[in-house]
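Architecture at a glance
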Amino acid sequence: MLGPGITICVADPNPRVRELLRREFSSLGCNVEMAGAAQEVVDKCLSDHPPDLLVLDPEISRADSSPILSRISMFMPGLPVVLHAFPGEALNHPAAHKAAAILEKGESTHRLRDVVSRILNERSAASGAN
Amino acid sequence: MRAYLTLRSKIFLLLACLAGVNFVGAGATLWYTFSTQKLYKTELSSGIESLIAAQELETALIMQKGYTTYFFLDGDLQWLESLKAHHQAFVKGMDQAEKASSTDHEHRILEKIAEAYLEFSVQRKVVIQLYKDGNDKAGASKHWEIRKQFQAIYTLCEEYKDLQRSQIEAAHAAYQQRGTVLSGFSVAAVLAALGSALLLGTMIYKQILEPLRRLATFGEDTGSRRAMGNEVQALGRRVDSLVQDVGQAQMELEQSREHLIQAEKLAMVGKLSAGVAHSIRNPLTSVKMRLFSLERSLDLNDIQREDFDVISEEIGHLNTIVGNFLEFARPPRLRMQRTSLSEVVDLTLQLAQHRLESYGVEAIVQRKLKLPSLVADPDQLKEFLMNLIMNACEAMVNGGKIFIREEAADVQGLGACACLRICDTGPGIPENVEEKAFEPFFSSKEEGTGLGLSIAKRIIMEHGGVFRLEHEEGMGACFFAALPLEEEE
């Protein structure tokens, strides 16, 4: 399912990680949008052309009083979010249950790619059934 | 006024009252003794002397009258000699009475006696001369006449004697009156002394002895109170004990202060470490991810592959160090749930299997029965075990064994506990670093962060358990951990 016509938003405070993920998903033909701050993520998700999936490092809203995952879940309840967090932090995240998947940051990007692909397939299957 | 007086002032006041009453009582007794002696010497003694003199005057007078009559009857001159002796006795008696007399009334009576006696003596000489001349009839007639003068002198002597008697009685009455006053005063002094002593005794008992007793027996049972003996000595012992306690408390306070300073330093270091670790983690993660990406496109020979693997491992090691620092500085909140420690052991060994194999270490679980469930954070307990397993693996560079012994036992101060003994066959922890082994940032390994044991200990302590180093024959490092078992609801 990963390929042209799919927009993925990569939200990570580290520009090098953002760039790596952009390259990975772009190589599969996906349209990739990047956000380096919490407000950017919200803006992109609430735009006229929202992404199909959000890869989010919760560290991006570290200084934010309102946790970004809760905000996105509130305004975009249908948007699947993959939490891409540091080991130990992903599972402990208070809004972890709102995420479609949780992945530890630092592993191979293959795993992330597989998980994103699976989620999009499931969504596509679900919308087709409807 | 009582409120303004201190206890010391009150006691001094009462002691002064007691001393004053005793002093006044003793002074009054002395005064009474001296005044009685004086009364005896002046009033009573002189009165008795005057009374005796009056009696002697009477006797001498009567005897003179008798001797004159005897001379008339037999004309013996011997009677005149006796008469003369009693005349001298009368004169002497008059002299003594004059000396003993002190009032005008006495002097006046004595003057009358002297005048009457002089006249009587002259007339008696006439009578005696008439008898000597043989003129008995005229003598007898004259003798009868002077009887009236004799009677008058005798009456004056009686009057003088009565006067002395009444003076003695007056002195006696004065003596009795003084005695009554002194008795009253003595009774008042005794009552005042008794009252002061009672007040003083009550005050000493209530405000000194009883508080002393309470202080000496504070916190002791009835048996100890009875066996206490002298309160002051008991209080002394108690004060000694308190001084020792204060010394101990001061020592502990100083130790606590040192620990606090140490803890503050550690907190600061932890905070700093966390900041540094957090800053390092971001680029490190990026490096790691890029390395994975690079790996896909590289066609490496054996040497390049070895270099690449070492770089990957070292980055993994760095990641672990950073993770440890962050965990130490920002310990996660415990998520307590009913869990089985035996299952935690099994899961941890399962997770660590790959690491154990890579180190050539075999983990052996010694378990008779699964441990009872307890309320704990299973993730934190996994981390606790993982830290100890990694510690043992890193210590046994040439491989070895880790023994994990499970048992349910009573632990002093905790009661029923689920206990784990984790021992390895490594070199063990040297005795000289045993005390420091649990301190943060202390490591005997070249690549250690010095946080593994510290984090392990913190996890067990947060669960209300105990964690300590033990020694077991034939083993290397040996750790004991106990977690209290809570009763099932």
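Residues numbered from 1 in each chain as written. Chains lettered and ligands numbered in written order. Predicted model: local features only at pLDDT ≥ 70, side-chain atom pairs only at ≥ 80, totals over all residues.

**Here we look at the overall build of chain A**
- Broken down by element type, chain A carries four helices and five strands.
- Helices (α) and strands (β) of chain A occur, in sequence order from the N terminus, as β-α-β-α-β-α-β-β-α.
- Across the 130 residues that make up chain A, the buried fraction comes to 35%.
- Put simply, 59% of the contacts in chain A that link residues at least 6 apart link residues at least 24 apart. (Helix = DSSP H or I, 4+ residues; strand = E, 2+ residues; numbered from the N terminus. Buried ≥ 20, exposed ≤ 12 C-beta atoms within 10 Å, placed from the backbone. Contact = placed C-beta atoms within 7 Å.)

**Some details on the UniProt feature "modified residue: 4-aspartylphosphate" (unreviewed entry) in chain A**
Residue and element names in this part refer to chain A.
- Mapped onto the present numbering, the UniProt feature "modified residue: 4-aspartylphosphate" (unreviewed entry) falls on Asp57.
- Tracing the chain through its elements places Asp57 in the loop between strand E3 (53-56) and helix H3 (68-75).
- For Asp57, a count of 25 C-beta atoms within 10 Å translates into the label buried.
- Residue contacts for Asp57: discarding those within four places in its chain leaves Ala11, Asp12, Pro13, His84, Ala85 and Lys105. (UniProt positions renumbered as here; feature names shortened; annotations may be inferred.)

**Some details on the environment of Val287(B)**
- By the element assignment, Val287(B) lies in helix H6 (residues 231-297).
- Here the alpha-carbon distance between Val287(B) and Ser312(B), two residues 25 residues apart in the chain, equals 9.5 Å.

**Observations concerning the UniProt feature "transmembrane region" (unreviewed entry) in chain B**
- In the numbering adopted here, UniProt assigns the feature "transmembrane region" (unreviewed entry) to residues 12-34 of chain B.
- In this annotation, residues 12-34 of chain B is assigned 100% helix and 0% strand; the end-to-end C-alpha distance for the span is 32 Å.

**Topic: the interface of chain B and chain A**
- Across the boundary between the two partners, chain B contributes twelve residues, which contact 13 residues of chain A.
- At the level of secondary structure, the elements contributing two or more residues to the side of chain B that touches chain A comprise H6 and helix H7 (302-329) of chain B.
- Ranked by residues supplied to the side of chain B that touches chain A, first place goes to H6(B) with nine residues.

**Thoughts on the packing of helix H9 (residues 378-395) of chain B against helix H10 (residues 452-462) of chain B**
Residues and elements named next belong to chain B.
- For the pair H9 and H10, interaxial distance at closest approach is 9 Å and the crossing angle is 150 degrees. It follows that H9 is roughly antiparallel to H10 by the angle criterion. For H9 against H10, the interelement crossing comes out left-handed. When H9 is examined against H10, the residues Gln380, Glu383, Phe384, Asn387, Leu388, Met390 and Asn391 are found in contact with a partner set consisting of Gly452, Leu453, Ile455, Ala456, Ile459 and Ile460.
- The class makeup of the residues in the contact of H9 with H10 is eight nonpolar, four polar and one charged. (Axes fitted to C-alpha atoms, helices over the stretch in contact; angles between N-to-C directions. Parallel < 35°, antiparallel > 145°, perpendicular 65-115°, else oblique. Left-handed = near helix turned anticlockwise from the far one by under 90°. Nonpolar A, V, L, I, M, F, W, Y, C, P; charged D, E, K, R; others polar.)

**Quick look at the sheet that holds E3(A)**
Residues and elements named next belong to chain A.
- Spatial ordering of the open sheet is given by E2-E1-E3-E4-E5, a layout of five strands whose pairing is parallel. If you trace the sheet from one side to the other, it starts and ends with strand E2 (31-35) and strand E5 (101-104), each paired once. Direction aside, the axes of adjacent strands within the sheet are offset by 20 degrees on average.
- The pairing of strand E1 (residues 7-11) with E3 spans four bridges and is classified as parallel. Along E3, the bridge assignment pairs Cys9 with Leu54.
- On top of the sheet, helix H1 (residues 15-26) reaches E1, E2 and E3; it is set at about 170 degrees to E2, its chief contact. (Pairing = 2+ DSSP bridges.)

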